[in-house]
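Coordinate analysis (summary)
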Amino acid sequence: MPMQPDRQTENQASGQAGEVILSVRNVSKAYGKITVLKNVSFDISKGEVVALLGENGAGKSTLSSIIAGLAIPTEGQMQWQGKPYAPVSPSDALAAGLGLIHQEMRLLPELSIAENIFVGRLPVRSGRIDNLEMYRRAEEQLKRLGLNVSPATKVKYLRVAAQQQVEIAKALTLNARFLILDEPTAALGGEETDRLFEQIERLKREGVSFIYISHRLEEIARIADRVIVLRDGELVANFDSAKVPVPELVEAMVGRQLDRIFPHLPAPTHKPLIEVKNLSSAEGDFHDVSFSVSAGEVMGIAGIIGAGRTELVRAIAGADPVNGGSVSVDGQVIVLKSPADAMAAGIALVPEDRKLQGLVLDHTIGNNIALGNYPRITPRNWVTPSEIRSFATTAIKRFGIKGGPDQRASELSGGNQQKIVIARAISAGPKVVILDEPTRGIDVGARSAIYDVIAELAKQGMAVIVVSSDLDEVLGLSHKVLVMARGRNQGILSGAEATRHAVMERATA
Amino acid sequence: MSEITGQTAPKSGFISMSFVKKMSGPLVGLILLCIFFSVTSEYFLSARNGLNILDQVTVLGILAIGMTLVIVIGGIDLSVGSVLAFSMMMMGVMERQMGLPLGLAIVVGILTGAACGLASGLLITVAKLPAFIATLAVMSVTRGLANILTEGKQIVGYPEWFTSLATVRQFGFLSMTVATFIVLAVIAAIILKFRPAGRNLFAIGGNPEVARLAGINVNLNTCVVYALSGALAGLAAVAFAARLDSSQPSAGLGYELDTIAAVVIGGASLSGGVGSISGTVIGVFIIGVLRNGLNLLGVSPFVQQVLIGIVIAAAVTFDTLGRRRR
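Residues numbered from 1 in each chain as written. Chains lettered and ligands numbered in written order. Predicted model: local features only at pLDDT ≥ 70, side-chain atom pairs only at ≥ 80, totals over all residues.

Overview of the overall build of chain B
When its secondary structure is counted, chain B shows 13 helices and two strands. In terms of overall dimensions, chain B is globule-like: its C-alpha atoms have a radius of gyration of 21 Å, near the 20 Å expected for 326 residues. Counting every position in chain B, which comprises 326 residues, the buried fraction comes to 49%. (Helix = DSSP H or I, 4+ residues; strand = E, 2+ residues; numbered from the N terminus. Rg over C-alpha atoms; globule rule 2.2 N^0.38 Å. Buried ≥ 20, exposed ≤ 12 C-beta atoms within 10 Å, placed from the backbone.)

What follows is the structure in structure tokens.
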């Protein structure tokens, strides 16, 4: 690794008063000709939570990978507790006391909590695994995090939030003094987020430092002490306090003013396009849900994780079985046995997880858009690659997707991937469009493009249903909001009734 | 912003280049093999030997067409060798013992194969067994049934016109069985590339949940693909019986592995969603040419096995490396 003289740069973000524990100096990273991180410098003090913000592709993951030993910087150097620090593997970083908690969990579902915590370094006594010792030490860490669960529980039985805490516990048993949390709240509900924040506070008091990466800007003021912002691989802003207004953060991230995020929606018609009556899930995930959405109307569905929102919309789209109740489109009751049935009736679903349910990542954009749309590409049941390409190109232009029809879907950013899934769904000419968490994991700048697409669908006379865990999004984007809790419809709010307070009250009922 | 365009331009160029590489990799290997044997053996490079190779790869080729479909949807069919034997025995029993006209017996043989494939398909879609286990079970059952039919004895005495299907070269050129293989390969290639039904198979292999949510009936398609693989095993049995002039319950032992090898050498991915008939045909010929050439050079069959194993490993290694580089 080439070393550079330690010099102060304009990019440097200095720490608050307190002992500097990690200092990063002029770190750059290039893959071939492409530079993903340019000359980044900052310090982090003991017991400090620093929020690291930036759009997807801004270099957040690269920076955290470098600190955690997953990537080696092309230039620059780091100091950890006053000594030069140049990890070449995650185990180097862990040995020094730095851990990275990934957005996607890296746990072994079939093993117990304790085994997951100690995997690779199981305590051994006289040639055998010392289960008692392992459980005792695991329990100690779980208690430290305020978790009341047996260390013998298999990880697959835990909820996402608890799994995440196992990851944190694992890092703590390695005596981590520094944790990088990558999107820790992406899959958490409000209560679980509060819990996590309490734990961060507790560890902070013990002197543990954090880099906190999140797309949820409202959280930043609550949990962070300082904020640093990356854009295009450069450190563009550092705020000495986390009490920064959200618009200012957004501006720093995207480099431009975002005056209005949500597009204007014209008033809906009074012609109900989809009517759901007393619908219940065959698996007990939701009960007796009724609502209707008119042409040109956007209905949001709010609720905490596990309230049955995704299950409800999947059932309406024919993906999961129903038990009782009815769904009608345009006054016709439809039989829902498969997604194909729902699509034939004019219902299109943009599913929750675009990587696992929305896209064949290894296939081209063209093939992804064409999937399920062949009858619309050609009436002849005979399709050539050039027909697919021109069909896809039309959709690419219409939805402003940044990519060509022959490019692989995996190479695109989250926002553009989401647009591919929407493009496929809309190409079928549906009357009702359901979007489940359409902006999850998508940068702020790209979100408004998705909002524009959603508003456009409503303007074209479709009935639109949007499920979102982002309260501002649900409220800003919808004519009315259906709130779910514990599998039931807790009320449909519209106009002045639809406030954050009213929604949260019903969501936690 | 100018930087972004600067990044994407060389990137897309690199992709299209590696696509060319990926397509031609197995073909280059085949050409190199042919050059090697042409230089080392005086008999290899002749029209007569070329036709011999075609005759020798026909059974493997017909099986490999079905296996390509199966692997494209992300499955695997371990039963084809045994299904081939069972279909062959059914055909023989129908003609020799039940007195059915041979034409009808051939149809029974093919339907037997289709039924076995459908059984695999149902085990996979209804009983939710992994394809590996389902077809392993069918492999065992059908091999047993093939032996039960005649208590392990072979069936001989087919009419002359039947064996001529494999031996007489029409217009001095192609035998009926080779022609069947070529026609089937062309039809399968066209379906996979140009028919929505074929293209949907790639989506199923790429991600079955995505395919289902896009309105594709994944279970139905899976059953059809396995039934086709079985039917093609039945057809391969007919071609094989004509070539052997008999039905053998031990026929096709281990063929499933050669078939899978041919498909994988041809660039298909066992994780599904990737593969082509043209690649598979090249894979079939790589195995066929290798066997033929090594025989001409007098290399022992044991050494041949070793060499074929090395070729499989090398072919798939290059393919994986090429993909990772992208």
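Having seen the structure, we can now continue with the description.
Concerning the overall build of chain A
Helix and strand content of chain A: 18 helices and 22 strands. Taken over C-alpha atoms, the radius of gyration comes to 25 Å for chain A, in line with the 23 Å a tight globule of 509 residues would show. Across its three principal axes, chain A shows a C-alpha extent of roughly 70 × 50 × 50 Å. The burial tally for chain A puts 48% of its 509 residues in the buried class. If you take every contact in chain A between residues at least 6 apart in sequence, the share linking residues at least 24 apart comes to 68%. (Contact = placed C-beta atoms within 7 Å.)

A closer look at helix 10 (residues 218-244) of chain B
All names here are of chain B. Spanning 27 residues, helix 10 covers 38 Å between terminal C-alpha atoms, matching the ideal 39 Å at 1.5 Å per step. Of all 27 residues making up helix 10, 22 are buried, and the element is well covered by its neighbours. In the stretch just after helix 10, Asp245 is the one whose phi turns positive, near 60 degrees. (Expected span 1.5 Å × (residues − 1).)

Describing the interface of chain B and chain A
Between chain B and chain A, the residue contacts involve 19 residues of the former and 24 residues of the latter. The dominant element in the side of chain B that touches chain A, judged by the number of residues it contributes, is helix 8 (residues 196-206) of chain B, at five residues. Its residues assigned to classes, the side of chain B that touches chain A comprises eight nonpolar, seven polar and four charged. (Nonpolar A, V, L, I, M, F, W, Y, C, P; charged D, E, K, R; others polar.)

Details of the sheet that holds strand 16 (residues 326-329) of chain A
Residue and element names in this part refer to chain A. In spatial order, the strands read 14-13-16-17; together these four strands make up an open sheet with antiparallel pairing. Each end of this open sheet is capped by a strand with a single partner; those strands are strand 14 (289-294) and strand 17 (332-333). Where strand 13 (residues 272-279) lies against strand 14, five bridges are found, and the strand directions are antiparallel. Each residue of the ladder has a partner; that of Glu275, found in strand 14, is Ser292. (Pairing = 2+ DSSP bridges.)

Brief notes about the nonpolar core
Counting residues in each nonpolar core, the largest one holds 175 residues, and the members touching the most others are Ile434 and Ile454 of chain A together with Leu63, Leu84 and Ala236 of chain B. Take this core: its biggest share by element is 17 residues, from helix 10 of chain B. Residues contacting Ile454 of chain A, with those up to four places away along its chain left out, are Val298, Leu435, Pro438, Val464, Val466 and Leu477 of chain A. Formed by 70 residues, the second largest nonpolar core is a distinct cluster that contains Phe178, Ile200, Leu217 and Met253 of chain A. (Core = buried A, V, L, I, M, F, W, Y, C linked by C-beta atoms within 7 Å.)

Some remarks on the confidence of the model for chain A
Averaged over all residues, the pLDDT of chain A is 86; the fraction at 70 or higher stands at 94%. Low pLDDT, under 50, characterises residues 1-16 of chain A; the stretch is placed with 35 contacts to residues that sit more than four places away or in other chains. (pLDDT = per-residue confidence, 0-100.)

Details of the environment of Ala455 of chain A
Residue and element names in this part refer to chain A. Of note, Ala455 is situated in helix 16 (residues 444-459). With 18 C-beta atoms counted inside 10 Å, the residue Ala455 sits in the partly exposed group. Between the C-alpha atoms of Ala455 and His102, which are 353 residues apart in sequence, the distance is 34 Å. In this structure Ala455 touches Pro263 and Leu265, once residues within four positions along its chain are discounted.

Quick look at the domain arrangement of chain A
Residues and elements named next belong to chain A. You can read the domains of chain A as domain 1 (1-97 + 177-252), domain 2 (106-175) and domain 3 (272-507). Each of domain 1 and domain 3 has a C-alpha centre, and these two points are 35 Å apart. Looking at the side of domain 1 that touches domain 3 residue by residue, the class counts come to four nonpolar, five polar and one charged. (Domains from an automatic or database assignment.)

Looking at the packing of helix 15 (residues 414-427) of chain A against helix 16 of chain A
Residue and element names in this part refer to chain A. Interhelical geometry of helix 15 versus helix 16 gives an angle of 15 degrees and a closest axis separation of 10 Å. Between helix 15 and helix 16, the angle is such that the two are roughly parallel. Relative to helix 16, the crossing made by helix 15 is left-handed. Seen from helix 15, the contacting residues are Gly415, Gln418, Lys419, Ile422 and Ile426; seen from helix 16, they are Ala446, Ala449, Ile450, Val453 and Leu457. Looking at side-chain class alone, the contact of helix 15 with helix 16 contains seven nonpolar, two polar and one charged residues. (Axes fitted to C-alpha atoms, helices over the stretch in contact; angles between N-to-C directions. Parallel < 35°, antiparallel > 145°, perpendicular 65-115°, else oblique. Left-handed = near helix turned anticlockwise from the far one by under 90°.)

A closer look at the sheet that holds strand 15 (residues 298-302) of chain A
Across a sheet, paired strands are connected by hydrogen bonds in the backbone, their directions being either parallel or antiparallel. Residues and elements named next belong to chain A. Spatially, 18-19-20-15-21-22 is the arrangement adopted by the six strands of the open sheet, whose pairing is mixed. What marks the edges here is a single partner per strand, and that holds for strand 18 (347-350) and strand 22 (488-494). Taking the axes of each pair of neighbouring strands and ignoring which way they run, one obtains an average angle of 20 degrees across the sheet. Of the pairings in the sheet, the one linking strand 21 (residues 480-485) to strand 22 comprises five bridges and is antiparallel in character. Residue pairing across strands places Ala485 opposite Arg488, the latter belonging to strand 22. Those strands touched by helix 18 (residues 500-507) are strand 15, strand 21 and strand 22, and its axis lies near 25 degrees from that of strand 21.

Topic: the environment of Ala236 of chain B
Residues and elements named next belong to chain B. Summarising the element assignment, Ala236 is placed in helix 10. A sequence separation of 172 residues divides Ala236 from Ala64, and the C-alpha atoms of the two residues are 10.0 Å apart. Leaving out residues up to four positions away in the same chain, Ala236 has contacts with Val59, Ile62, Leu63 and Leu84.

Details of the pairing of strand 9 (residues 178-182) of chain A
All names here are of chain A. Among the five residues in strand 9, five count as buried, and that is most of the element. Side chains Phe178, Ile180 and Asp182 project from strand 9 onto one buried face, and the interleaved Leu179 and Leu181 project onto a second face that is buried too. Pairing geometry for strand 6 (residues 98-101) and strand 9, over four bridges, is parallel. The residue of strand 9 that forms the bridge with Leu98 is Phe178. In this structure, strand 9 lies alongside strand 10 (residues 209-213), joined through five bridges in parallel fashion.

Regarding the packing of helix 2 (residues 47-72) of chain B against helix 7 (residues 176-194) of chain B
All names here are of chain B. Between helix 2 and helix 7, whose axes approach to 9 Å, the crossing angle comes to 35 degrees. Taken as a pair, helix 2 and helix 7 cross one another with a handedness that is left-handed. Two secondary-structure elements touch here, helix 2 through Leu54, Asp55, Thr58, Gly61, Ile62 and Ile65 and helix 7 through Thr177, Val178, Phe181, Leu184, Ala185 and Ala188. Considered class by class, the residues forming the contact of helix 2 with helix 7 number eight nonpolar, three polar and one charged.

A word on the pairing of strand 16 of chain A
All names here are of chain A. Here strand 16 shows one buried face, formed by Val327 and Val329, and one open face, formed by Ser326 and Ser328. Looking at chain direction, strand 13 and strand 16 are connected through four bridges and run antiparallel. Following the sheet pairing, Ile274 is matched in strand 16 by Val329. Here strand 16 runs beside strand 17; their pairing, made up of two bridges, is antiparallel.

Remarks on helix 5 (residues 160-173) of chain A
Residues and elements named next belong to chain A. Given a rise of 1.5 Å per residue, 14 residues ought to cover 20 Å, and the 20 Å separating the end C-alpha atoms of helix 5 matches this to within 8%. Within helix 5 the residues assigned to the buried category are Gln164, Gln165, Val166, Glu167, Ile168, Ala169, Lys170, Ala171 and Leu172. Tucked inside the fold, the buried residues of helix 5 contact strand 6, helix 3 (113-118), helix 4 (131-144) and strand 9. After helix 5 finishes, the residue Asn175 shows a positive phi value of roughly 60 degrees.

Focus on the confidence of the model for chain B
Residue and element names in this part refer to chain B. On average, chain B scores 89 in pLDDT, and the residues at 70 or more come to 91%. Contacts for the low-pLDDT stretch residues 1-19, under 50 throughout, to residues beyond four places or in other chains number six contacts. Taken together, the chains of this predicted complex give a pTM of 0.77 and an interface ipTM of 0.82.

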